[in-house]
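One-letter residues, chain by chain:
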Amino acid sequence: MSRTVREVVFVDGVRTPFGKAGGMYAETRADDLVIRAIRELLRRNPQLPPERVEEVAIAATTQIGDQGLTLGRTAALLSGLPKTVPGYSIDRMCAGAMTAVTTVAGSIAMGAIDVAIAGGVEHMGRHPMGEGVDPNPRIIAEKLVDPSALVMGATAENLHDRFPHITKQRADAFAVNSQRKYAAAARDLEKDFVTIATRSAELGWGLASADEPPRPGTTVEGLATLKTPFRPHGRVTAGNSAGLNDGATASIIAAEDTARELGLPVGMRLVSYAFTGVEPEVMGVGPIPSTEKALAKAGLSISDIGLFELNEAFAVQVLAFLDHFGIGDEDPRVNPAGGAIAMGHPLAASGVRLMTQLSRHFEAHPEVRYGLTAMCIGIGMGGTVIWENPAWEGK
Ligand SMILES: CC(C)(COP(=O)(O)OP(=O)(O)OC[C@H]1O[C@@H](n2cnc3c(N)ncnc32)[C@H](O)[C@@H]1OP(=O)(O)O)[C@@H](O)C(=O)NCCC(=O)NCCS
């Protein structure tokens, strides 16, 4: 049997507004967040017959309770998809949704399926980081990793140690810029939001329609006074880190020929992707080798990339990436609408948030041919996906 690898496209993506852990989603189930996102995705794309969806891959880092039970399958059933549509769950920590996309993309490229839904959810309020984990003691006893590798904020402090020229002042200035860019772009981002009813025993019903984490008035002076919870006299604070957040994302990934057959929009064309491992103690550097690998696979160089959506787990790790590739701290190609420091990072959901934003930026920038989404990942990994802009006017 001969086989041709098929082009894979990102059709459309949506997300719930992101909440603060313990905030507006405190009494909302995690699975209801992602079910609502899938329902809205299907509503927005009526050209897609539900029975043409052949896989639902949903990521969550803590696959317990309302994030457990093979969430991709149960969310598919509760989203109103036919019972014939299968699903599964994915975990690659912060890169869960990114891995959901690359995994279904592989299935599409080799011809196993034509269309899939990929996304993620993390309710860090209901499922705090590390809930129920039981790391094998040998991982530390045999010095495979330093104990700090299991605390993400501590790995960010380690990164400041490794790159002393990335000062706290620089990290704080980067965080202020993220908040500023987000404030300017919030209206545009809301076009891809799925509003969702929230409930509170105390306050009654509400409607989540805007992100809860942003702090628009943030200043470098204000950030300078914050505590450094991961190390006395450290550099990592609540202001230059992503927070603890709740939210969900969902996207349609399809073979390009199927998208054209069904009349679905082509938001971005997948060019290449790569995941790599790094020392777990400095997991924030992960996107550097994953980007180098994804660029090499695509035969591209960093100068070919016109737009970057980098997950801001911590300012220091984005700055390490920018320094490595010779990109300025305020380069307008990077996170034009701000990043996770402003809007939040519900771990396994964020990968599709990055992709949805890049797709919107592509629409606004037909002069840009290639963009990339990249993120660092706990236990020392990085993930990068390179995309081509179908609206590129150079063709
Ligand atoms: C850093 C972290 C511990 C802070 O948690 P927290 O203490 O609950 O955070 P808060 O939102 O309460 O902020 C702490 C303080 O900073 C202040 N603050 C936060 N952001 C601020 C900003 N932009 N400007 C001014 N003040 C700010 C808060 O008002 C609060 O002040 P208070 O103590 O006087 O009430 C938590 O967000 C964290 O662990 N982040 C990393 C998440 C992570 O590891 N993700 C995975 C990445 S791989």
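Residues numbered from 1 in each chain as written. Predicted model: local features only at pLDDT ≥ 70, side-chain atom pairs only at ≥ 80, totals over all residues.

In the nomenclature of an unreviewed UniProt entry, the protein is known as Acetyl-CoA acyltransferase of Actinorhabdospora filicis. Reading the Sequence similarities (unreviewed entry) entry of the UniProt record for the protein gives the comment "Belongs to the thiolase-like superfamily. Thiolase family." (UniProt positions renumbered as here; feature names shortened; annotations may be inferred.)

## Remarks on the overall build of the protein
The secondary structure content of the protein amounts to 12 helices and 12 strands. Over its C-alpha trace the protein gives a radius of gyration of 20 Å, about what one expects of a compact globule, namely 21 Å for 395 residues. Based on the C-alpha atoms only, the size of the protein along its principal axes is roughly 60 × 55 × 45 Å. Burial statistics for the protein: of 395 residues in total, 53% are counted as buried. (Helix = DSSP H or I, 4+ residues; strand = E, 2+ residues; numbered from the N terminus. Rg over C-alpha atoms; globule rule 2.2 N^0.38 Å. Buried ≥ 20, exposed ≤ 12 C-beta atoms within 10 Å, placed from the backbone.)

## Structural notes on the site of the ligand
The full set close to the ligand counts 18 residues, and M152, R215, T218, A238 and A313 are the nearest of them. By residue class, the composition of the shell around the ligand is nine nonpolar, eight polar and one charged. (Near = placed C-beta within 6 Å. Nonpolar A, V, L, I, M, F, W, Y, C, P; charged D, E, K, R; others polar.)

## Quick word on the UniProt feature "domain: Thiolase N-terminal" (unreviewed entry) in the protein
The feature "domain: Thiolase N-terminal" (unreviewed entry), as annotated in UniProt, sits at residues 8-257 in this numbering. Taken end to end, residues 8-257 is 32% helix and 19% strand, and its first and last C-alpha atoms sit 9 Å apart.

## What to know about helix α5 (residues 152-162)
When we look at burial in α5, the residues that qualify are M152, T155, A156, N158, L159 and H160. Against the buried residues of α5 lie α10 (315-324). (Contact = placed C-beta atoms within 7 Å.)

## Quick notes on unusual backbone geometry
Of note in this structure, M93 is not a glycine but carries a positive phi near 50 degrees. Of note, M93 is situated in the loop between β4 (87-90) and α3 (96-109). Positive phi is not limited to glycine here, since K143 has a value of about 60 degrees. Tracing the sequence through the fold places K143 in the loop between α4 (138-141) and α5. Judged by the 8 C-beta atoms lying within 10 Å of it, K143 falls in the exposed class.

## Points about the packing of α5 against α10
Running from N to C, α5 and α10 point in directions that differ by 40 degrees, and their axes come no closer than 9 Å. Looking at the two axes, α5 sits oblique to α10. In terms of crossing hand, the pair formed by α5 and α10 is left-handed. On the side of α5, the interface is formed by A156, L159 and H160, while α10 contributes V316, Q317 and A320. The residue makeup of the contact of α5 with α10, split by class, is four nonpolar, two polar and no charged. (Axes fitted to C-alpha atoms, helices over the stretch in contact; angles between N-to-C directions. Parallel < 35°, antiparallel > 145°, perpendicular 65-115°, else oblique. Left-handed = near helix turned anticlockwise from the far one by under 90°.)

## Comments concerning helix α12 (residues 350-364)
Between the first and last C-alpha of α12 there are 22 Å, a value that for 15 residues agrees with the 21 Å anticipated at 1.5 Å per step. α12 sits mainly inside the fold: 12 of its 15 residues count as buried. (Expected span 1.5 Å × (residues − 1).)

## Here's the deal with the environment of G119
Position of G119 among the secondary structure elements: in strand β5 (residues 115-123). When the 36 C-beta atoms within 10 Å are taken as the criterion, G119 is described as buried. Considered as a pair, G119 and V14 are 105 residues apart in the sequence and their alpha carbons are 9.2 Å apart.

## Section: the pairing of strand β8 (residues 245-255)
Within β8, 11 of the 11 residues are buried, leaving the element largely enclosed by the surrounding structure. In this sheet, β8 lies alongside strand β1 (residues 8-15) in antiparallel orientation, the contact comprising seven bridges. Across the sheet, D12 pairs through a bridge with I252, a residue of β8. Examined bridge by bridge, strand β2 (residues 19-20) and β8 share two bridges and lie antiparallel to one another. Note on β8: the bridge partner recorded for G19 is D246. The sheet contact formed by β5 and β8 spans nine bridges and is antiparallel. Each residue of the ladder has a partner; that of G120, found in β8, is T249. (Pairing = 2+ DSSP bridges.)

## A look at the UniProt feature "domain: Thiolase C-terminal" (unreviewed entry) in the protein
Mapped onto this structure's residue numbering, the UniProt feature "domain: Thiolase C-terminal" (unreviewed entry) falls at residues 269-388. Helix makes up 34% of residues 269-388 and strand 26%. Its end C-alpha atoms lie 5 Å apart.

## Things to note about the environment of I64
As for its position among the elements, I64 is in the loop between β3 (56-59) and α2 (71-78). With 14 C-beta atoms packed within 10 Å, I64 lands in the partly exposed category. With 67 residues separating them along the chain, I64 and E131 place their C-alpha atoms 8.7 Å apart. Excluding anything up to four places from it in sequence, I64 contacts H127, E131 and G132.

## So, the environment of E190
With respect to the secondary-structure elements, E190 resides in the loop between α6 (168-189) and β6 (196-200). A sequence separation of 81 residues divides E190 from V271, and the C-alpha atoms of the two residues are 27 Å apart.

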